[in-house]
Amino acid sequence: MTMIKCISPVDGSVYAERQALPLEAAKGVVARARQAQKGWAKRPLEERVQLVLKGVARLNEMVDEVVPELAWQMGRPVRYGGEFKGFNERSNYVAAIAADSLKPIVIEESDRFERRIEREPHGVVFVIAPWNYPYMTAINTVAPALMAGNTVIIKHASQTILVGERMVRAFVEAGVPEEVFQNVFLDHETTAALIAAKSFDFVNFTGSVEGGRSIERAAAGTFTPLGLELGGKDPGYVMEDADLDAAVDTLMDGATYNSGQCCCGIERIYVHESLYDAFVEKSVAWVSNYRLGNPLDPETTLGPMASRRFAASVREQIADAVARGAKALVDPKLFPQDDGGAYLAPQVLVDVDHSMAFMREETFGPAVGIMKVKDDTQALALMNDCQYGLTVSLWTKDAERAARLGRDLETGTVFMNRADYLDPALCWTGVKETGRGGSLSVIGFHNLTRPKSYHLRKALA
Ligand code: NAP
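All of these numbers come straight from a predicted model, not from anything done at the bench. (Residues numbered from 1 in each chain as written. Predicted model: local features only at pLDDT ≥ 70, side-chain atom pairs only at ≥ 80, totals over all residues. Heavy atoms only, no water.)

Focus on the domain arrangement of the protein chain
Part 1 of the argument: Per the domain assignment, the segments making up the protein chain are domain 1 (3–230 + 434–457) and domain 2 (234–425).
Part 2 of the argument: With 26 residues of domain 1 at the interface, the matching set in domain 2 holds 31 residues.
Part 3 of the argument: Summed over both sides, the interface of domain 1 with domain 2 buries roughly 2500 Å², with 60% coming from carbon and sulfur.
Part 4 of the argument: In this structure, the connection of domain 1 to domain 2 is made through 0 salt bridges.
Part 5 of the argument: There are 11 residue pairs in polar contact (both at pLDDT 80 or more) connecting domain 1 and domain 2.
Part 6 of the argument: Of all the secondary-structure elements, those providing two or more residues to the side of domain 1 that touches domain 2 are α3 (63–74) and α4 (84–102).
Part 7 of the argument: Counting residues per element, the side of domain 1 that touches domain 2 draws most heavily on α3, at 5 residues.
Part 8 of the argument: Counted by class, the side of domain 1 that touches domain 2 contains 15 nonpolar, 7 polar and 4 charged residues. (Domains from an automatic or database assignment. Contact = heavy atoms within 4.5 Å. Buried area = accessible area lost by both parts, 1.4 Å probe. Salt bridge = Lys/Arg side-chain N within 4 Å of Asp/Glu carboxyl O. Polar contact = N/O pair within 3.5 Å; in protein donor to acceptor, adjacent residues only side chain to side chain. Helix = DSSP H or I, 4+ residues; strand = E, 2+ residues; numbered from the N terminus. Nonpolar A, V, L, I, M, F, W, Y, C, P; charged D, E, K, R; others polar.)

So, the layout of surface pockets
Which parts of space are left empty comes out when a probe the size of a water molecule is rolled across the atoms.
Part 1 of the argument: There is about 1300 Å³ of room inside the largest pocket.
Part 2 of the argument: Elements with a minimum of two residues in the lining of the largest pocket: α7 (188–196), β8 (202–206), α8 (209–219) and α11 (308–323).
Part 3 of the argument: Looking at the lining of the largest pocket, its residues break down into 17 nonpolar, 15 polar and 11 charged.
Part 4 of the argument: Taken together, domain 1 (3–230 + 434–457) and domain 2 (234–425) each give at least three residues to the lining of the largest pocket, which thus spans both.
Part 5 of the argument: At the level of elements, α4, α5 (134–147), β9 (226–229), α9 (244–256) and β19 (435–436) are the ones that each hand at least two residues to the lining of the second largest pocket.
Part 6 of the argument: Counting residues per element, the lining of the second largest pocket draws most heavily on α4, at 5 residues.
Part 7 of the argument: Here the lining of the second largest pocket is built from residues that sort into 15 nonpolar, 14 polar and 9 charged. (1 Å grid on protein atoms, 1.4 Å probe; cavity = no way out; pocket = protein on both sides within 12 Å on 5 of 7 lines; lining within 4 Å. Points joined across faces, edges and corners; volume = space filled by probe spheres on them.)

Describing the nonpolar core
Part 1 of the argument: One finds Val 142, Met 167, Phe 171 and Phe 181 to be the most contacted residues of the largest nonpolar core, which totals 85 residues.
Part 2 of the argument: The leading source of residues in this core is α5, at 9 residues.
Part 3 of the argument: Of the residues that make up this core, three or more belong to each of domain 1 (3–230 + 434–457) and domain 2 (234–425).
Part 4 of the argument: In this structure, Val 142 is in contact with Val 127, Val 152, Ile 154, Met 167, Phe 171 and Phe 181, ignoring residues within four places of it in sequence.
Part 5 of the argument: With 31 residues, the next largest nonpolar core counts Ala 247, Leu 275, Val 330 and Trp 395 among its residues. (Core = buried A, V, L, I, M, F, W, Y, C linked by side-chain atoms within 4.5 Å. Buried < 20%, exposed > 50% of the residue type's maximum accessible area, 1.4 Å probe, protein only.)

A short note on empty space enclosed by the protein
Part 1 of the argument: Here the structure, examined in full by the defined rule, presents 4 cavities of 30 Å³ or more.
Part 2 of the argument: The calculated volume of the largest cavity comes to roughly 70 Å³.
Part 3 of the argument: What lines the largest cavity is simply Asn 140, Thr 141, Phe 202, Asn 204, Gly 227, Gly 437, Gly 438, Ser 439, Leu 440, Gly 444, Asn 447 and Leu 448.
Part 4 of the argument: Elements with a minimum of two residues in the lining of the largest cavity: α5, β8 and α15 (441–447).
Part 5 of the argument: When the residues that make up the lining of the largest cavity are grouped by side-chain class, the tally is 3 nonpolar, 9 polar and no charged.

A look at the packing of α9 against helix α10 (residues 276–288)
For any two helices packed against each other, the geometry is given by the interaxial angle and the distance between the axes.
Part 1 of the argument: Across the interface, α9 lies against α10 with an axial gap of 10 Å and an inter-helix angle of 50°. Classified by the angle between their axes, α9 and α10 sit oblique to one another. In this structure, the crossing between α9 and α10 has a hand that is right-handed. Touching Leu 244, Asp 245, Ala 247, Val 248, Asp 249, Leu 251, Met 252, Asp 253 and Thr 256 of α9 are Ala 278, Phe 279, Lys 282, Ser 283, Trp 286 and Val 287, all from α10.
Part 2 of the argument: Tallied by class, the residues present in the contact of α9 with α10 amount to 9 nonpolar, 2 polar and 4 charged. (Axes fitted to C-alpha atoms, helices over the stretch in contact; angles between N-to-C directions. Parallel < 35°, antiparallel > 145°, perpendicular 65-115°, else oblique. Left-handed = near helix turned anticlockwise from the far one by under 90°.)

A short note on the pattern of salt bridges
Part 1 of the argument: Considering all chains together, one arrives at 27 salt bridges under this definition.
Part 2 of the argument: Its salt-bridge partner being Glu 210, residue Arg 213 comes within 2.7 Å of it at the nearest N-O pair. Residue Arg 213 and its partner Glu 210 are located together in helix α8, separated by 3 residues, close to a single helical turn.
Part 3 of the argument: We classify Arg 213 as partly exposed; its relative accessible area is 33%.
Part 4 of the argument: For Glu 210, a relative accessible area of 47% translates into the label partly exposed.
Part 5 of the argument: Via salt bridges that share partners, Glu 114, Arg 116, Glu 118 and Lys 458 belong to a single interconnected network.

Observations concerning the side chain of Asp 234
Part 1 of the argument: Structurally, Asp 234 is set in strand β10 (residues 234–238).
Part 2 of the argument: Buried within the structure, Asp 234 lacks any salt-bridge partner; its nearest side chain of opposite charge belongs to Arg 268, at an N-O separation of 6.5 Å.
Part 3 of the argument: Aside from chain neighbours lying at most four places away, what touches Asp 234 is Cys 263, Cys 264, Gly 265, Ile 266, Glu 267, Arg 268, Leu 390 and Thr 391. (Lys, Arg positive; Asp, Glu negative; His and termini not counted.)

Some thoughts on the site of the ligand
Part 1 of the argument: In the vicinity of the ligand there are 28 residues, among which Trp 131, Ser 158, His 188, Ser 208 and Glu 362 approach most closely.
Part 2 of the argument: At 2.6 Å, a side-chain N or O of His 188 approaches an oxygen atom of the ligand.
Part 3 of the argument: For the ligand, an oxygen atom lies 2.8 Å from a polar atom in the side chain of Trp 428.
Part 4 of the argument: Relative to its unbound accessible surface of 900 Å², the ligand loses 88% to contact with the protein.
Part 5 of the argument: More than half of the atoms of the ligand fall within 2 Å of the grid points belonging to the largest pocket.
Part 6 of the argument: For the shell around the ligand, the secondary structure elements donating two or more residues are α7, β8 and α8.
Part 7 of the argument: Element by element, the count of residues in the shell around the ligand is highest for α8, at 3 residues. (Near = heavy atom within 4 Å. Areas by Shrake-Rupley, 256 points an atom, 1.4 Å probe, with all protein chains shown as cover. Sits in = over half its atoms within 2 Å of the grid points.)

Some points on the sheet that holds strand β11 (residues 266–272)
Part 1 of the argument: The strand order β12-β13-β14-β11-β10-β16-β17 describes an open sheet built from 7 strands, whose pairing is mixed. The sheet is open, and its two borders are formed by β12 (327–328) and β17 (413–416), each paired with just one other strand.
Part 2 of the argument: The pairing of β10 with strand β16 (residues 391–395) spans 3 bridges and is classified as parallel. Within the sheet, the bridge partner assigned to Tyr 237 lies in β16 and is Leu 394.
Part 3 of the argument: The sheet contacts of α10 involve β10, β11, β13 (347–350) and β14 (367–373), and relative to β14 the element is tilted by about 170°. (Pairing = 2+ DSSP bridges.)

Take a look at the structure:
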């Protein structure tokens, strides 16, 4: 029997452990989900929507348990109150657009013909979720999938092993039938075996590029549709007409919030030469204000990384960049709580270039590199010089210039004067190794359903 363990970044203790399901038992879970699906889909859409919203409301009632539990599992400081803001915003938004997004596309309704495209649920949807925003990343698929009439099975990351269990508990207590939304604890082998056995009608994987590759390999030949939301190395570009203070504030927050463990976190910043010195100086001052420490302490603004392992890889990238000529500007003496383990001080690097892994590979930590650029052409080439493409954050007063650059940017989202935010009305999607598909918005609903065409000829004459 494999035990799945959450080693807390707070103190290195085993915070929670659960036994992984053996393959046969996991197949039983899938069979129950499949059996329940048609009945669930036959319920009126509004009833499904309301049940999901009740589940969301029930989870909100658990706030006093959820917030410290998150801190123990992945290090998010309790002062931020969990992920309820985004979790609720996304749930409410998809609820509001569900009817419109799922309504038939009517081509003709005449005496002679009825021609339309209806949307049908896929069937059983499998959600594989990451630890970095464990509730928000999961709800992006769970809420619209259930509303659209699918049944859902969730497998959460080992680091946040209690999150799937808690979400399901909240939803079931709120009235969602047990077979309609189920949590499973699975190791990688069983996960892959289930996918390879065509257990699911849609799989949404959010996580690393390597994990995404494994899922794609497991699904090969099964024709199971996949949504893959993978890594990023999102850039910011500060143009000469930018509001400097706003740019520093948003980009440094985007680089370091959640200890930099955000898929759309800012990992590299290109600044026009006229603003470069001021931007660097203000950025270093900005991050130096963090208070690193135990996430259960309400005074802590920067918690540990989710695991020693992740912090070690950030330290390695920084050391490699410094060995190649980069300069680290944040004084380590300001962060005596940096223990060489999971507690990692924020860092700003200059004199960086794209020969360094730090500027090319995902860092996923509270560290960012800043480079000077002379114009849009140079900035564009650098922003696109990357295997990922999730978001880009442009800082200018000129929306036309941002849109023009946007057309040449290899990315899923173009932001102007904002960053690190997921708008549920827009499609969350990426290019290159950041993945395939798209969640939220009307497109998210379309991806969680399949089209069925009705071509009804009423009059033969
Ligand atoms: P991860 O290690 O790939 O894990 C993600 C999930 O997949 C976990 O549930 C994990 O389970 C499972 N998993 C990983 N490899 C697997 C395999 N070979 N077979 C079966 N299941 C597998 O990613 P993470 O470290 O949790 O999350 C951080 C990554 O997610 C970053 O790269 C980040 O950029 C990305 N991310 C992307 C988005 C987006 O919207 N594009 C959003 C959030 C995060 P275990 O934990 O049990 O290994």
